[in-house]
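Residues per chain, in single letters:
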Amino acid sequence: MEDKKFVKKRYSFIVDTPITTYSKKFDLDKNIKLVRGILMSSNKPDLLFFRGSQKISVNGEELFPDDYEAKLLMSGISVPPDQKYADLGDGVIAGNGEVKISYKDSENSTTVFSAYEVNMYLMCELA
């Protein structure tokens, strides 16, 4: 049986304007075969949790639709390290190696806006 090798990739951007949508495109390494999981985090997790939503696609395949709440892809400290990533089942074929995120910062009465970093981590299977 073949041993599968995995790598975790981080893609980040700064949200510096409130109530704005940020469209970002990232390229996967050529040796990545499948994307198996995803995790969202931030240097200011309260802002990501309460203000953030996104649409994410890999190789043109939509994984999460418009306005999918970022808090549903975050993980707390009580979650074991090997269970932090949202599982994408059999994985998404990397194909053209293009990852797109359309991230939206929205007004929320429980937080005061300040610039924050959004981190998207992908659990990737190597070819």
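Treat the numbers as computed from the prediction; the structure is a model and nothing was measured.

### Some thoughts on the packing of aromatic side chains
Phase 1 of the analysis: In total, this model carries 7 aromatic pairs according to the counting rule given.
Phase 2 of the analysis: Taken together, a centroid distance of 6.4 Å and an interplanar angle of 75 degrees make the contact between Y103 and Y116 edge-to-face. On the criterion of sequence distance, the pair formed by Y103 in strand β7 (residues 98–105) and Y116 in strand β8 (residues 116–126) is long-range, its members being 13 residues apart. Assigned by exposure class, Y103 and Y116 land together as buried.
Phase 3 of the analysis: Note on F113 and Y116: the rings are 6.0 Å apart at their centroids and 65 degrees apart in plane angle, and the pair reads as edge-to-face.
Phase 4 of the analysis: The class of F113 is partly exposed, set by a relative accessible area of 22%.
Phase 5 of the analysis: By relative accessible area, which is 1% here, Y116 ends up buried.
Phase 6 of the analysis: Put simply, the rings of F13, Y22, Y103, F113 and Y116 touch in pairs and so form one group of aromatic residues.

### Concerning unusual backbone geometry
In terms of backbone geometry, most residues other than glycine have negative phi values and most peptide bonds are trans.
Phase 1 of the analysis: Positive phi, close to 55 degrees, is recorded for N59, a residue that is not glycine.
Phase 2 of the analysis: The topology assignment puts N59 in the loop between β4 (52–58) and β5 (61–69).
Phase 3 of the analysis: Note on N59: relative accessible area 29%, which makes it partly exposed.
Phase 4 of the analysis: Of note, the phi angle at D67 is positive, near 65 degrees, even though the residue is not glycine.
Phase 5 of the analysis: Mapped onto the elements, D67 comes out in strand β5.
Phase 6 of the analysis: Judged by its relative accessible area of 45%, D67 falls in the partly exposed class.

### Brief notes about the sheet that holds β4
Phase 1 of the analysis: Taken in spatial order, the 4 strands line up as β2-β7-β4-β5 in an open sheet, and their pairing is antiparallel. Two strands close off the open sheet at either side, each with one partner strand: β2 (21–27) and β5. Adjacent strand axes in the sheet meet at a mean angle of 10 degrees, parallel and antiparallel pairs treated alike.
Phase 2 of the analysis: The pairing of β4 with β5 spans 5 bridges and is classified as antiparallel. Pairing of S57 across the sheet is with E62, part of β5.

The rules behind each value
- Sequence order sets the numbering: in each chain, residues are counted from 1 along the sequence as written.
- Predicted model: local features are reported for residues with pLDDT of at least 70 only, side-chain atom pairs are reported and counted for 80 or more only, and whole-chain, interface and lining totals are derived from all residues.
- To get the side-chain values, all heavy atoms of the structure are used, and hydrogens and water are removed first.
- Classification of ring pairs rests on two measures: the distance between centres of Phe, Tyr or Trp rings, Trp counted by its six-membered ring, which must be within 6.5 Å, and the angle between planes, read as stacked under 30 degrees, edge-to-face over 60 and tilted in between.
- A run of H or I in DSSP becomes a helix once it reaches four residues, and a run of E becomes a strand once it reaches two; helices and strands are each numbered from the N terminus.
- A 1.4 Å probe rolled over the protein chains alone gives each residue an accessible area, and that area as a share of the maximum for its type sets the label: buried under 20%, exposed over 50%, partly exposed in between.
- A strand pair is defined by DSSP finding two or more bridges across the two strands.
- A fitted line through C-alpha atoms represents every axis, and for helices the fit uses only the stretch in contact; the resulting angles, taken between N-to-C directions, go from 0 to 180 degrees.

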